[in-house]
Amino acid sequence: MGSLTVRRLIVWAVSTVLGFIVSWLIITIGFPIILPSAHGVTIEQYGIMYFLVTMIPLVLVFVIWLDALLGTKILPD
């Protein structure tokens, strides 16, 4: 594998982890701040599909920024 391929894999892996963490923080900390009766929300209570629909756009945002910073050329110029 070339250097560019390794960097692209790193971008996708880091973006996925960051997207998961930010989504999890949104539903466990963000929701109770907005609606105090929503304390203790878990991924199961929120729903797996809803969690994925929350997580995937965040992953793509992280991919865009990491692509620009690391110069992996995932997105066309």
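Preceding block: the structure.
Thresholds applied
Residues numbered from 1 in each chain as written. Predicted model: local features only at pLDDT ≥ 70, side-chain atom pairs only at ≥ 80, totals over all residues. Heavy atoms only, no water. Patch = residues over 30% accessible without salt bridge, like charges linked within 9 Å, V, L, I, M, F, W, Y side chains within 5 Å. Areas by Shrake-Rupley, 256 points an atom, 1.4 Å probe, with all protein chains shown as cover. Salt bridge = Lys/Arg side-chain N within 4 Å of Asp/Glu carboxyl O. Helix = DSSP H or I, 4+ residues; strand = E, 2+ residues; numbered from the N terminus. Buried < 20%, exposed > 50% of the residue type's maximum accessible area, 1.4 Å probe, protein only. Contact = heavy atoms within 4.5 Å. Axes fitted to C-alpha atoms, helices over the stretch in contact; angles between N-to-C directions. Parallel < 35°, antiparallel > 145°, perpendicular 65-115°, else oblique. Left-handed = near helix turned anticlockwise from the far one by under 90°. Nonpolar A, V, L, I, M, F, W, Y, C, P; charged D, E, K, R; others polar.

Asks: Residues and numbers for a nonpolar patch on the surface, please.
Replies: Where nonpolar side chains cluster on the molecular surface, the patch consists of Val17, Phe20, Ile21, Trp24, Leu25, Ile29, Ile33, Ile34 and Leu35 and spans about 890 Å² of accessible area. Inspection of the secondary structure puts Val17 in helix 1 (residues 3-34).

Asks: A description of the environment of Ile74 should follow, citing residues and the corresponding values.
Replies: Inspection of the secondary structure puts Ile74 in the segment after helix 3 (48-70). Note on Ile74: relative accessible area 26%, which makes it partly exposed. When the C-alpha atoms of Ile74 and Val11 are compared, they prove to be 9.3 Å apart, with 63 residues separating the residues in sequence. Among residues more than four places away in sequence, those in contact with Ile74 are Arg8, Val11, Trp12, Val63 and Asp67.

Asks: An account of the packing of helix 1 against helix 3 is needed here, citing residue identities and associated values.
Replies: At a minimum axis separation of 7 Å, helix 1 and helix 3 run at an interaxial angle of 140 degrees. As judged from the angle between their axes, helix 1 and helix 3 are oblique. When you trace helix 1 past helix 3, the crossing you get is right-handed. Taken together, the residues that form the contact of helix 1 with helix 3 break down as 18 nonpolar, 5 polar and 2 charged.

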